[in-house]
Amino acid sequence: GMQSHLQALLSLYKLFCPEQVTITLPGKMKTYFKNSEGPWKAAITAVRQRNQGPSPLSQAVFLGTSQPQSRKRKWNAQLVIPASSANTNCLEEDREKNRLYLYSPNESFPVEQLQTFPQLLQNIHRLEFPSQMGSVLTNPLLLHYMNCVKDESIYLRLYYWMGQRLQEECAWCVVDNPYEEEFKSFLEIAYKAECFLQEGFSACEEFLYKTLPLWDGVCCRSEVLRLVSWIPLSSFSDIKPYLFDPLAQLFFTSSIYFKCSVLESLKELLQNWLNCNVIQMDLEISS
């Protein structure tokens with residue numbers, strides 16, 4: 001007998017190959033399969049509206065999401081990420097004296113007071129990461145600490161926070177996005193943190209793999225290509241469909257300036273891979 005999931009499958013076949021399905025299907029049935037062409041149609045619409053100017057029928061979309069959640073919050077105008085530790089009751093009243101203060105061995109040192117590198121060295125075993133992990137990206141001392149500690153939970157917290165922010169605010173996946181400059185500034189902050197740590201963030205890598213097929217090569221061009229240069233080393237077969245194929249399509253249809261920018265980014269990517277490989281070999285030899 002005709003079951004609902006089989007009817008849905010036949011209706012999908014009939015949509016793409018109507019000559020193959022000759023039976024009559026009911027007009028109303030439960031939707032079991034999402035329209036696979038949705039993201040591509042939305043991407044084409046976004047590029048068309050960006051070139052032709054704003055339209056009253058503009059539709060916001062991110063990858064497969066045809067109806068994004070409403071943006072109830074606003075970007076901070078300067079994208080200032082506040083530092084806020086969980087232990088806010090330990091702030092010193094004499095902070096203005098600008099002197100080194102050592103806490104007791106069992107007392108944590110609040111990151112709000114971390115101002116100098118000697119403070120980091122003296123209190124490195126008593127530091128507590130801020131509750132808002134985004135503040136780490138703009139604090140060189142905390143990046144030093146992050147590099148020394150190598151705590152997996154720290155990277156996971158930063159991964160989830162950055163992944164959510166990049167997905168929600170992607171400038172070329174939201175039509176008529178008024179926050180493009182703020183998003184560009186955030187990408188620049190992420191890139192500078194990667195340069196400081198000498199390694200790329202996995203959240204940035206996933207973001208590029210997901211959004212490069214929808215990228216027009218214009219929006220946030222320099223920031224995107226800089227992030228490309230810090231993609232971690234992996235096999236060519238894994239990277240090709242997500243990185244090289246989308247860049248190749250833009251490469252062959254863009255200006256000489258864009259071609260040179262892509263080649264420069266890939267050259268830096270190769271240099272970073274070689275540097276990481278040399279460091280890894282040195283560590284293996286020393287061990």
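So, here's what we can say about the structure. (Residues numbered from 1 in each chain as written. Predicted model: local features only at pLDDT ≥ 70, side-chain atom pairs only at ≥ 80, totals over all residues. Heavy atoms only, no water.)

### Here's the deal with the overall build of the protein
Moving on, step 1. Regarding its fold elements, the protein presents ten helices and zero strands.
Moving on, step 2. Going from N to C terminus, the protein has its helices and strands arranged as α-α-α-α-α-α-α-α-α-α.
Moving on, step 3. Counting across all 287 residues of the protein, residues that qualify as buried make up 37%.
Moving on, step 4. Looking at the protein as shown, the accessible area adds up to about 17800 Å², and 56% of this sits on carbon and sulfur atoms. (Helix = DSSP H or I, 4+ residues; strand = E, 2+ residues; numbered from the N terminus. Buried < 20%, exposed > 50% of the residue type's maximum accessible area, 1.4 Å probe, protein only. Areas by Shrake-Rupley, 256 points an atom, 1.4 Å probe, with all protein chains shown as cover.)

### Some details on the nonpolar core
Moving on, step 1. Met-146, Trp-172, Phe-183, Phe-201, Trp-215 and Leu-243 are the most contacted members of the largest nonpolar core, which totals 57 residues.
Moving on, step 2. Here this core gets eight residues from one element, more than from any other, and that element is helix 6 (residues 180–197). (Core = buried A, V, L, I, M, F, W, Y, C linked by side-chain atoms within 4.5 Å.)

### A few points about the pattern of salt bridges
Moving on, step 1. Overall, the coordinates contain four salt bridges when judged by the stated rule.
Moving on, step 2. Its salt-bridge partner being Lys-240, residue Asp-245 comes within 3.0 Å of it at the nearest N-O pair.
Moving on, step 3. The exposure class of Lys-240 is partly exposed, given its relative accessible area of 35%. (Salt bridge = Lys/Arg side-chain N within 4 Å of Asp/Glu carboxyl O.)

### Topic: unusual backbone geometry
Moving on, step 1. One non-glycine residue, Gln-198, lies in the positive phi region at around 60°.
Moving on, step 2. Within the fold, Gln-198 resides in the loop between helix 6 and helix 7 (202–211).
Moving on, step 3. Taking the relative accessible area as the measure of exposure, Gln-198 reaches 45% and is therefore partly exposed.
Moving on, step 4. Located in the positive-phi region is Cys-220, a residue other than glycine, with phi close to 55°.
Moving on, step 5. Inspection of the secondary structure assignment puts Cys-220 in the loop between helix 7 and helix 8 (221–228).
Moving on, step 6. Looking at Cys-220, the relative accessible area reads 2%, which means it is buried.

### Notes on helix 10 (residues 256–286)
Moving on, step 1. End to end, helix 10 covers 45 Å across 31 residues, agreeing with the expected 45 Å (1.5 Å per residue, within 8%).
Moving on, step 2. Here helix 10 has its buried residues at Phe-258, Lys-259, Ser-261, Val-262, Ser-265, Leu-269, Asn-272 and Trp-273.
Moving on, step 3. Where helix 10 is buried, its residues meet helix 8 and helix 9 (236–251). (Expected span 1.5 Å × (residues − 1). Contact = heavy atoms within 4.5 Å.)

### So, the packing of helix 9 against helix 10
Moving on, step 1. In contact at an axis separation of 9 Å, helix 9 and helix 10 are set at 155° when each is read in the N-to-C sense. As judged from the angle between their axes, helix 9 and helix 10 are roughly antiparallel. Between helix 9 and helix 10, the contacting residues are Ile-239, Leu-243, Phe-244, Leu-250 and Phe-251 on the first element and Phe-258, Lys-259, Val-262, Leu-263, Leu-266, Leu-269 and Trp-273 on the second.
Moving on, step 2. Split by residue class, the contact of helix 9 with helix 10 holds eleven nonpolar, no polar and one charged. (Axes fitted to C-alpha atoms, helices over the stretch in contact; angles between N-to-C directions. Parallel < 35°, antiparallel > 145°, perpendicular 65-115°, else oblique. Nonpolar A, V, L, I, M, F, W, Y, C, P; charged D, E, K, R; others polar.)

### Things to note about the packing of helix 5 (residues 152–169) against helix 7
A packed helix pair is summarised by two numbers, namely the angle formed by the two axes and the spacing between the axes.
Moving on, step 1. One way to put it is that helix 5 packs onto helix 7 with a least axis distance of 8 Å and a crossing angle of 30°. Overall, the two elements helix 5 and helix 7 adopt an arrangement that is roughly parallel. With respect to the hand of their crossing, helix 5 and helix 7 are arranged in right-handed fashion. Contacts from Tyr-159, Met-162, Gly-163 and Leu-166 of helix 5 reach helix 7 at Ser-202, Ala-203, Cys-204, Glu-206 and Phe-207.
Moving on, step 2. By residue class, the composition of the contact of helix 5 with helix 7 is six nonpolar, two polar and one charged. (Left-handed = near helix turned anticlockwise from the far one by under 90°.)

### Examining helix 6
Moving on, step 1. Over its 18 residues, helix 6 extends 26 Å from the first C-alpha to the last, a length consistent with the 26 Å expected when each residue adds 1.5 Å.
Moving on, step 2. Gln-198 occupies a position one or two residues after helix 6 and carries a positive phi of about 60°.

### Digging into the environment of Trp-273
Moving on, step 1. Here Trp-273 is to be found in helix 10.
Moving on, step 2. In this structure, the C-alpha to C-alpha distance between Trp-273 and Ile-231, residues 42 residues apart in sequence, is 8.7 Å.
Moving on, step 3. Residue contacts for Trp-273: discarding those within four places in its chain leaves Ile-231, Pro-232, Leu-233 and Ile-239.

### Re the packing of aromatic side chains
Moving on, step 1. Enumeration over the complete set of coordinates arrives at ten aromatic pairs.
Moving on, step 2. A centroid spacing of 6.1 Å and a plane angle of 50° characterise the contact between Trp-215 and Phe-258, whose relative ring orientation is tilted. With Trp-215 in the loop between helix 7 and helix 8 and Phe-258 in helix 10, the pair connects residues that are 43 residues apart, well separated along the chain. Each member of the pair Trp-215 and Phe-258 is classed as buried.
Moving on, step 3. An aromatic cluster is built from Trp-172, Phe-183, Phe-207, Trp-215 and Phe-258, whose rings are joined through pairwise contacts.
Moving on, step 4. Directly above the ring of Phe-186 sits Arg-165, whose terminal nitrogen or CZ lies 5.9 Å from the centroid.
Moving on, step 5. For Lys-259, the ring lying beneath its charged end belongs to Phe-251, and the centroid distance is 5.5 Å. (Phe/Tyr/Trp six-rings, centres within 6.5 Å; stacked < 30°, edge-to-face > 60°. Lys NZ or Arg CZ within 6 Å of the ring centre and 35° of its normal.)

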